[in-house]
Every structure is written in C-alpha cells, then in structure tokens.
Amino acid sequence: MDPNLLFWKSEGQSFFSRFKIWVNILDPTSLLSSDATIKRAHGLLRGGQKLDEWEETVTLSLSSVHADSGDVLPLMLRPAAFLSTSAPLVIASFLPHTNVKYALLWQFFLQSYQTRFTLANRNSSSEKSKTLSSRQLLLSAGTVCYATCAGSLPQIMIYKLGVSSEVIKAVLRTMLPIPLSAAVAFISVYTVRSEESQTGIKVFDSNENLVGLSKAAGQKAVKETALSRAALFGTTAAVPSLLITLLWRTRVIQKSSVLIAPLRYMSVAIGFGLMIPVSFSLFPQLGTIKKENVEKNLQEAACDGLLYYHRGL
C-alpha cells in the first residue's frame with residue numbers, strides 16, 4: 001500500500017482531522033516545489049524516516065503524488081492548483097452573459113478542467129497502462145459536451161426561448177443553477193470514473209495486504225467522490241443566492257443596487273474556496289467497505305470484517 005494511503009489510514013478517519021490535512025494540502029506554495037523534491041519527499045515517506053520537517057514532507061507528498069501510481073501529478077491537476085484554476089472559471093460561468101456562445105465557452109473551459117482533474121486524481125489501481133483507454137477518452141469527451149450544454153441551460157432558456165419576464169430570468173439565473181450545478185457535477189464524476197465500477201479497484205485488509213479487485217468498492221469510491229463534488233458545486237451556486245436574499249433587506253443594498261453584482265461574484269469565489277476543503281473531507285481518502293458487501297471470492301480471502309480502498313478525488 002502506498003505511504004500516502006497509510007498516512008490517511010492513521011490520521012484521516014474523522015472529518016475534522018481530514019479537514020485539517022486538506023487545508024495544508026491545498027496550500028498553493030507546494031506548487032513551487034520541483035519534481036525532484038517531491039519524489040524525495042515521497043521516498044522519505046515510503047521509508048518511514050521521520051525528519052524535523054516531517055509534516056512538510058508528508059504534506060508535499062500528499063499534495064503532489066498519485067496514491068496508486070506513485071507518479072508526480074501534473075502541476076495544474078494537483079489539489080493545490082484546484083482553487084486558483086477553477087475559481088475564475090466558476091465565477092465566469094455564473095456571469096449573466098449577453099450571448100449564449102459566451103456561456104457555452106466558459107462552461108466548456110470549466111467542464112474540460114473538471115473532467116481532466118477527475119481523470120488525473122481517479123483510482124487507477126486496476127489499470128495496467130498509464131495511458132487512458134479509448135473508452136475513457138470517449139466518455140471524457142462526451143461528458144465535457146454534455147456538461148457544457150447542461151451547465152449553460154439557464155442562459156440557453158433565457159435567450160433561445162425569448163424569456164422577457166424579469167422574475168423568470170431571476171429564477172433561471174439564481175435558483176436553477178443550484179440543483180443543476182450539483183447534478184452536473186455528480187453525473188460528470190460518475191461517468192468519467194465509470195470504468196472503476198466495471199473493472200474494480202484494489203482493496204486491502206487491515207494489514208495492508210492486497211486482497212484483490214472489487215467492483216463494489218469501485219462503485220462506492222465513485223459514488224462518494226461524485227457526492228462530494230456535487231456538494232461543492234451545489235453549495236457554491238447556493239451561497240450567492242442566499243446571501244443576496246439576506247442582504248436585500250438592508251438599506252445599503254436597497255439604496256445601492258449596483259453592489260449586488262460584485263457581492264454576488266465575491267460570494268461565489270469565497271464560497272467555492274471554503275467548500276473545497278469541506279467537500280474533499282466529506283469522505284475518507286482511504287475508504288472502507290464491509291467484507292459482506294464485496295464479491296464472494298474476496299470475502300473468502302479477507303482476514304477481517306473491513307477492507308480498505310483508495311477513494312480518489
């Protein structure tokens with residue numbers, strides 16, 4: 001079992017401990033480290049050597065190395081780069097665009113990055129090749145196309161259907177994106193990582209011994225990740241609407257309605273930034289599944305009641 005997973009097993013079983021770890025992992029200064037430094041940190045963690053900078057070594061390894069392959073993640077696809085890369089795209093996707101093509105363009109950029117991030121941080125323990133299969137490529141391309149159109153649905157409805165009512169426009173721009181963003185995020189992750197449910201992922205016993213490949217564990221890992229991503233984007237879409245509804249009652253906003261737009265987009269950025277460590281912490285990175293819930297051949301090989309698997313991100 002990779003040392004990154006062993007760390008999650010010992011330190012990341014409660015929500016608050018995971019949240020604390022993720023706050024450290026998401027520190028963007030880790031992006032400045034070279035690949036050689038990252039590989040050295042991972043090697044030290046694998047060797048179990050405790051140093052004066054042990055916490056920094058662990059954080060660097062967790063933030064930059066894939067737990068299945070042991071390879072250094074591409075710079076822009078590391079968790080520490082998620083906020084700085086996604087936040088501008090998320091804010092732009094919520095803008096009231098004057099043309100449908102601009103809404104589609106920004107959604108395309110956002111969904112392309114989200115799909116690539118999901119692929120880079122998936123569970124790849126059952127894959128023999130480091131290159132993506134043709135099926136994964138087709139699913140990813142289809143997911144980007146579907147998610148781009150679905151994410152732009154409010155703007156498409158307003159301009160293609162000729163909606164003139166300001167009330168309906170407000171509902172389409174503020175209320176519809178909440179369930180829509182959550183649903184799109186959930187389905188995207190579920191589709192992009194569907195191969196894990198079909199081929200299975202590696203599961204380990206409490207002694208870190210490999211038991212085999214489990215489709216049930218793969219389904220559970222994908223579902224948990226999809227739910228966490230839905231919570232991230234659904235909450236991000238809900239925050240500005242709730243905030244504006246509360247602030248609308250204040251005299252300052254009523255007198256200066258021009259403040260609504262900047263407040264809305266500031267709240268999107270802040271809400272998104274705060275929800276990233278929360279959503280990443282909802283489920284353990286080293287997930288568990290009961291022995292009776294996996295395949296029969298694995299039940300016979302398991303030595304205890306719980307099996308462990310890498311959830312991915």
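As annotated in an unreviewed UniProt entry, the protein chain carries the name Sideroflexin-4 and is attributed to Champsocephalus gunnari. Comment text from UniProt for the protein chain, heading Subcellular location (unreviewed entry), reads "Mitochondrion membrane". Comment text from UniProt for the protein chain, heading Sequence similarities (unreviewed entry), reads "Belongs to the sideroflexin family."

What am I meant to see in the packing of helix α7 (residues 134–151) against helix α10 (residues 177–192) here?
Packed helices, taken two at a time, are described by the angle between their axes plus the distance between the axes. The N-to-C vectors of α7 and α10 enclose an angle of 175°; their axes lie 10 Å apart at closest approach. It follows that α7 is roughly antiparallel to α10 by the angle criterion. Contacts from L139, S140, T143, Y146, A147, A150 and G151 of α7 reach α10 at L180, A183, V184, I187, S188, T191 and V192.

Would you explain the packing of helix α9 (residues 166–175) against α10 in this entry?
At a closest axis distance of 6 Å, the pairing of α9 and α10 adopts a crossing angle of 35°. For the pair α9 and α10, contact is made by V171, L172, R173, T174 and M175 and by P177, I178 and P179, respectively. Looking at side-chain class alone, the contact of α9 with α10 contains six nonpolar, one polar and one charged residues.

Explanation requested: the UniProt feature "transmembrane region" (unreviewed entry) in the protein chain in the structure shown.
UniProt annotation of "transmembrane region" (unreviewed entry) refers to residues 137–158, 170–192, 230–248 and 263–283 when read in the numbering used here. For residues 137–158, helix accounts for 95% and strand for 0%, while the C-alpha atoms at its two ends are 32 Å apart. Overall, residues 170–192 shows 96% helix and 0% strand. The separation of its end C-alpha atoms is 32 Å.

I would appreciate a short explanation of the side chain of S124 in the present structure.
Of note, S124 is situated in the loop between α6 (100–120) and α7. Judged by relative accessible area, S124 falls into the buried class, the value being 14%. Once residues lying within four places of it in the same chain are set aside, the contact partners of S124 are H66, D68 and S69.

I tried to follow the packing of aromatic side chains on my own but got confused; where do I start?
Two measures describe an aromatic ring pair: the distance that separates the ring centres and the angle between the ring planes. The final tally for this structure, using the stated rule, is 14 aromatic pairs. An angle of 80° between the planes, with centres 5.5 Å apart, marks the rings of F15 and F16 as edge-to-face. Relative to F109, the ring of W106 lies with its centre 5.8 Å away and its plane at 80°, an arrangement referred to as edge-to-face. Taken together, the residues W106 and F109, both in helix α6 and three residues apart, mark about one turn of the helix. On the basis of relative accessible area, W106 is assigned to the partly exposed category, the value being 30%. Note on F109: relative accessible area 38%, which makes it partly exposed. Aromatic ring contacts, followed pair by pair, group F7, W8, W22, F82, Y113, F117, F233, F272 and F280 into a single cluster. For the cation-ring pair, K9 lies above Y308, with the distance from its terminal atom to the ring centre recorded as 4.8 Å.

Is there a simple way to think about the nonpolar core in this case?
Across soluble globular proteins, you tend to see nonpolar side chains buried next to one another. Core analysis: the biggest nonpolar cluster contains 31 residues, and F82, F272 and F280 have the highest contact counts within it. Taken together, the elements giving at least two residues each to this core come down to α1 (3–11), α2 (15–25), α4 (54–64), α5 (79–93), α6, α12 (215–247) and α14 (260–281). Looking at which element gives the most residues to this core, the answer is α14, with five residues. Ignoring any residue separated from it by four or fewer positions in sequence, one finds F280 in contact with W22, L26, F82, F117, R311 and L313. Core analysis: the second largest hydrophobic core is formed by 12 residues, A217, A221, V294 and Y309 among them.

Help me out: how do you make sense of a nonpolar patch on the surface in this one?
Judged by side-chain polarity, Y102, L105, W106, F108 and F109 come together as a nonpolar surface patch covering roughly 450 Å² of accessible area. The partly exposed category is assigned to Y102, whose relative accessible area is 40%.

So, how was this worked out
In this convention, every chain numbers its residues from 1, walking through the sequence in written order. Residues qualify for local features only when their pLDDT is at least 70, as the model is predicted, and side-chain atom pairs are given and counted only at 80 or more; totals for whole chains, interfaces and linings, by contrast, use all residues. Each side-chain value is worked out from all heavy atoms of the structure, with water and hydrogens disregarded. UniProt positions are given in the numbering used here, feature names are shortened, and annotations may be inferred rather than shown by experiment. Here the axes come from fitting lines to C-alpha atoms, over the contacting stretch only for helices, and the angles between their N-to-C directions go from 0 to 180 degrees. Labels follow the DSSP assignment, with helices taken as runs of H or I lasting at least four residues and strands as runs of E lasting at least two, numbered in each case from the N terminus. Each angle gets one of four labels, with under 35 degrees taken as roughly parallel, over 145 as roughly antiparallel, 65 to 115 as roughly perpendicular, and the rest as oblique. Only heavy atoms matter for contacts: two residues are in contact if any of them lie within 4.5 Å across the pair. Each residue is assigned to one class: nonpolar for Ala, Val, Leu, Ile, Met, Phe, Trp, Tyr, Cys and Pro, charged for Asp, Glu, Lys and Arg, and polar for all the others, Gly among them. Exposed residues in this analysis have more than 50% of their type's maximum accessible area, buried residues have under 20%, and partly exposed residues fall in between, with area computed by a 1.4 Å probe over protein chains only. Between rings of Phe, Tyr and Trp, where Trp is taken as its six-membered ring, a pair exists when centres lie within 6.5 Å; planes separated by under 30 degrees are stacked, by over 60 edge-to-face, and by other angles tilted. Geometrically, a lysine NZ or arginine CZ counts as sitting over a ring once it is within 6 Å of the ring centre and also within 35 degrees of the ring normal. To form a nonpolar core, buried Ala, Val, Leu, Ile, Met, Phe, Trp, Tyr and Cys residues must be joined to one another through side-chain atoms within 4.5 Å. Patch membership is restricted to residues that have no salt bridge and whose relative accessible area is over 30%. Joining uses 9 Å for like charges and 5 Å for the nonpolar side chains Val, Leu, Ile, Met, Phe, Trp and Tyr. Reported accessibility uses the Shrake-Rupley method at a 1.4 Å probe radius. Residues are deemed covered only where the shown protein chains occlude them. What makes a salt bridge here is a side-chain nitrogen of Lys or Arg within 4 Å of a carboxyl oxygen of Asp or Glu, nothing more.

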